[in-house]
Amino acid sequence: MGKLNNKVAVITGAASGMGRATAIRFAGEGAAVVVADLNEQGGHATVRDCKEQGGRAIFHKTDVEKEAEIRAAIGRAVSEFGRLDIMYNNAGIAGALGPLEEISAENWDRTFAVLLRSVFFGIKYSIPEMRKVGGGSIISTASIAGILGQAGPLVYSVAKAGVIHLTKCAAVELAKDRIRVNCICPGGINTPLLHKHIPGGEATTLQLLQTTQPLARPGTPEDIAGMALYLASDDAEWVTGTAMVVDGGFVARGNAFAQQSAFQVPSKWSGPSFEKD
Ligand SMILES: NC(=O)c1ccc[n+]([C@@H]2O[C@H](COP(=O)([O-])OP(=O)(O)OC[C@H]3O[C@@H](n4cnc5c(N)ncnc54)[C@H](O)[C@@H]3O)[C@@H](O)[C@H]2O)c1
């Protein structure tokens, strides 16, 4: 008996990294999953892996910068699997990089569109569907960068702080509908989003993450999938409005990111991890 039997989930950013690991975990626990991402190749690979777990999954090409596409992904869950129980707003990019005085209004807005406005739409369009089934669980990926002042690029960090506060406000408003709203604040997780920015790629990232936090090993997408499963499941029935930190003790230690220089790159735009900058 899976923890998510008969539940239906939409996961954005599920073609890679933690979204992909969560889709596979959810499918293995009995959920039907809509894999919503810009990356078609990665999305189809996730669907294949979900099916290998004996689960049901489909890919729905989605750009979370676009309101209509988030709405359509949720609509697809309902048309394909009959309902929506779990919405995981997870898609992400690093977005605007570089010193504050060099960040353009356009790159500020775009970073916010992908990282924060998309979460607003994900919550907004989940509400009517979750009401129909008597409640649901909305999860979003924030970051420890949304808690600390020096754990990620500036605009990214401000947007993630917005995700944490949106989570709290929405949780209070939606509790009457038995819709729980929580977010996860990962620390350094070994995914393409991070490799893209660390000179030396995955090998250097792994080395860096070995010692950055008190629990001395790199964070994995599966560490996040485990927390997402808890929040999605009935085990978390009385849990709402929280920002669950999954970071190997990084925030608890209270130090600035030792490798902060990794983010001190020239001013530029950084899009989805599967695209070349
Ligand atoms: N890796 C880390 O250390 C870390 C730490 C804290 C938070 N996060 C957050 O975790 C989430 C998942 O990132 P990840 O580390 O697994 O990276 P990833 O690059 O492996 O996965 C992110 C996914 O989002 C997709 N995506 C990007 N822009 C999109 C768009 N406009 N529409 C639809 N899909 C889009 C990408 O194609 C990709 O599949 C992000 O929100 C990220 O900000 C990452």
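Refer to the structure printed above.
So, a few notes on the structure that sits alongside this text. (Residues numbered from 1 in each chain as written. Predicted model: local features only at pLDDT ≥ 70, side-chain atom pairs only at ≥ 80, totals over all residues.)

## Details of the overall build of the protein chain
No. 1: Scanning the protein chain from terminus to terminus reveals 9 helices and 9 strands.
No. 2: Its C-alpha atoms give the protein chain a radius of gyration of 17 Å, near enough to 19 Å, the size a compact globule of 277 residues would have.
No. 3: For the protein chain, the spread of C-alpha atoms along the three principal axes comes to 45 × 35 × 35 Å.
No. 4: The buried share of the protein chain, taken over its 277 residues, is 51%.
No. 5: Residue pairs in contact within the protein chain that sit at least 24 positions apart in sequence constitute 73% of those at least 6 positions apart. (Helix = DSSP H or I, 4+ residues; strand = E, 2+ residues; numbered from the N terminus. Rg over C-alpha atoms; globule rule 2.2 N^0.38 Å. Buried ≥ 20, exposed ≤ 12 C-beta atoms within 10 Å, placed from the backbone. Contact = placed C-beta atoms within 7 Å.)

## Notes on the site of the ligand
No. 1: Near the ligand there are 32 residues, and of these Gly-13, Gly-17, Gly-92, Leu-193 and Ser-273 occur at the shortest range.
No. 2: Among the elements of the structure, α1 (17-28) and α6 (192-195) are those that each provide at least two residues to the shell around the ligand.
No. 3: Considering only residue class, the shell around the ligand consists of 14 nonpolar, 15 polar and 3 charged. (Near = placed C-beta within 6 Å. Nonpolar A, V, L, I, M, F, W, Y, C, P; charged D, E, K, R; others polar.)

## Quick word on the sheet that holds strand β2 (residues 32-37)
No. 1: Pairing is parallel across the open sheet formed by 7 strands, whose spatial order is β3-β2-β1-β4-β6-β7-β8. On the outer flanks of this sheet lie β3 (56-61) and β8 (243-246), each paired with one strand and no other. Pairs of neighbouring strands in the sheet enclose a mean axial angle of 20°, with direction left out of account.
No. 2: In terms of strand pairing, β2 meets β3 through 6 bridges, oriented parallel. Looking at the pairing, Val-35 lines up with Phe-59 of β3.
No. 3: The strands touched by α1 within the sheet are β1 (8-12), β2, β3, β4 (86-89), β6 (136-141) and β7 (179-186), with β1 carrying the most contacts at an inclination of about 170°. (Pairing = 2+ DSSP bridges. Axes fitted to C-alpha atoms, helices over the stretch in contact; angles between N-to-C directions.)

## A look at the nonpolar core
No. 1: In this structure, Ala-9, Val-10, Ala-23, Val-33, Val-35 and Ala-228 are the most contacted members of the largest nonpolar core, which totals 77 residues.
No. 2: With 9 residues, helix α5 (residues 154-174) is the largest single contributor of residues to this core.
No. 3: Look past the residues within four positions of Val-10 in its chain and what remains in contact with it is Val-34, Ala-36, Ala-73, Ile-74, Ala-77, Leu-84, Met-87 and Tyr-88. (Core = buried A, V, L, I, M, F, W, Y, C linked by C-beta atoms within 7 Å.)

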